[in-house]
Amino acid sequence: MSKIERFSVSLEGELLKAFDDYIDHMGYASRSEAVRDLIRNKLVVRHWQDPKAEGVGVVTLVYDHHRRDLPEKLTELQHRFFKEIVSTTHIHLDRHNCLEVIIVRGRASKLQKIADLLISTKGVKHGRLLSTTTGKEIR
Ligand code: NI
């Protein structure tokens, strides 16, 4: 672990008050911890913008499994990208709706493409990609 460095930040009072309210609401132990998280979030977003970067992501899909051909289409897509799809969990939310949680790992640009294909499949009610880090490029 590298040496801790200190730097000071100048902010308008109102912005600092809003930041302190955020810290309080989130439960951070200190401003430093909150700033570290904000920086890491920005670095992960930036990392994903590099098309060659390796990333990890979680795709969530909510859909009605009665919808014609939809489960087959989603399975077909997942088989197409078996190298990137690490794991899939399927939860039956009620008699109709399913939640699928798909963990993906690989080149960030490819993961984005896989997520877009899954989410845009006709009949998917709601889909999201949470893009995160393998942890290697971040401290
Ligand atoms: Ni189901």
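Residues numbered from 1 in each chain as written. Predicted model: local features only at pLDDT ≥ 70, side-chain atom pairs only at ≥ 80, totals over all residues. Heavy atoms only, no water.

(A) Summary view of a positive patch on the surface. A surface patch of like charges, here positive, comprises Arg-67, Arg-68, Lys-73 and Lys-122. Relative to the elements of secondary structure, Arg-68 occurs in the loop between β1 (54–64) and α3 (70–80). (Patch = residues over 30% accessible without salt bridge, like charges linked within 9 Å, V, L, I, M, F, W, Y side chains within 5 Å. Areas by Shrake-Rupley, 256 points an atom, 1.4 Å probe, with all protein chains shown as cover. Salt bridge = Lys/Arg side-chain N within 4 Å of Asp/Glu carboxyl O. Lys, Arg positive; Asp, Glu negative; His and termini not counted. Charge placed at Lys NZ, Arg CZ, Asp CG, Glu CD. Helix = DSSP H or I, 4+ residues; strand = E, 2+ residues; numbered from the N terminus.)

(B) Focus on the coordination of the nickel ion. Donor atoms from the polypeptide that bind the nickel ion are His-90 (NE2), His-92 (ND1) and Cys-98 (SG), placed at 2.1 to 2.4 Å. A relative accessible area of 62% means that His-92 is categorised as exposed. (Donors = N, O, S within 2.8 Å, 3.2 Å for Na, K, Ca; no water. Buried < 20%, exposed > 50% of the residue type's maximum accessible area, 1.4 Å probe, protein only.)

(C) Structural detail: the packing of helix α1 (residues 13–26) against helix α2 (residues 31–49). The contact between α1 and α2 brings their axes to 10 Å, and the two run at 90 degrees. Taken together, α1 and α2 sit at an angle that is classed as roughly perpendicular. Contacts between α1 and α2 involve Leu-16, Phe-19, Asp-20, Tyr-22 and Ile-23 from the former and Arg-31, Ala-34, Val-35 and Leu-38 from the latter. A per-class count over the contact of α1 with α2 returns seven nonpolar, no polar and two charged. (Axes fitted to C-alpha atoms, helices over the stretch in contact; angles between N-to-C directions. Parallel < 35°, antiparallel > 145°, perpendicular 65-115°, else oblique. Contact = heavy atoms within 4.5 Å. Nonpolar A, V, L, I, M, F, W, Y, C, P; charged D, E, K, R; others polar.)

(D) Molecular detail of the side chain of Thr-121. Within the fold, Thr-121 resides in the loop between α4 (108–119) and β4 (124–132). Under the relative-accessibility criterion, Thr-121 is labelled buried at 10%. Within the structure, the side chain of Thr-121 is placed 3.2 Å from the backbone oxygen of Leu-118, a separation counted as a polar contact. For Thr-121, the residues in contact, after removing those within four places along its chain, are Leu-70, Lys-73, Leu-74 and Leu-77. (Polar contact = N/O pair within 3.5 Å; in protein donor to acceptor, adjacent residues only side chain to side chain.)

(E) The environment of Leu-11, seen in detail. With respect to the secondary-structure elements, Leu-11 resides in the segment before α1. You can call Leu-11 partly exposed: its relative accessible area is 38%.

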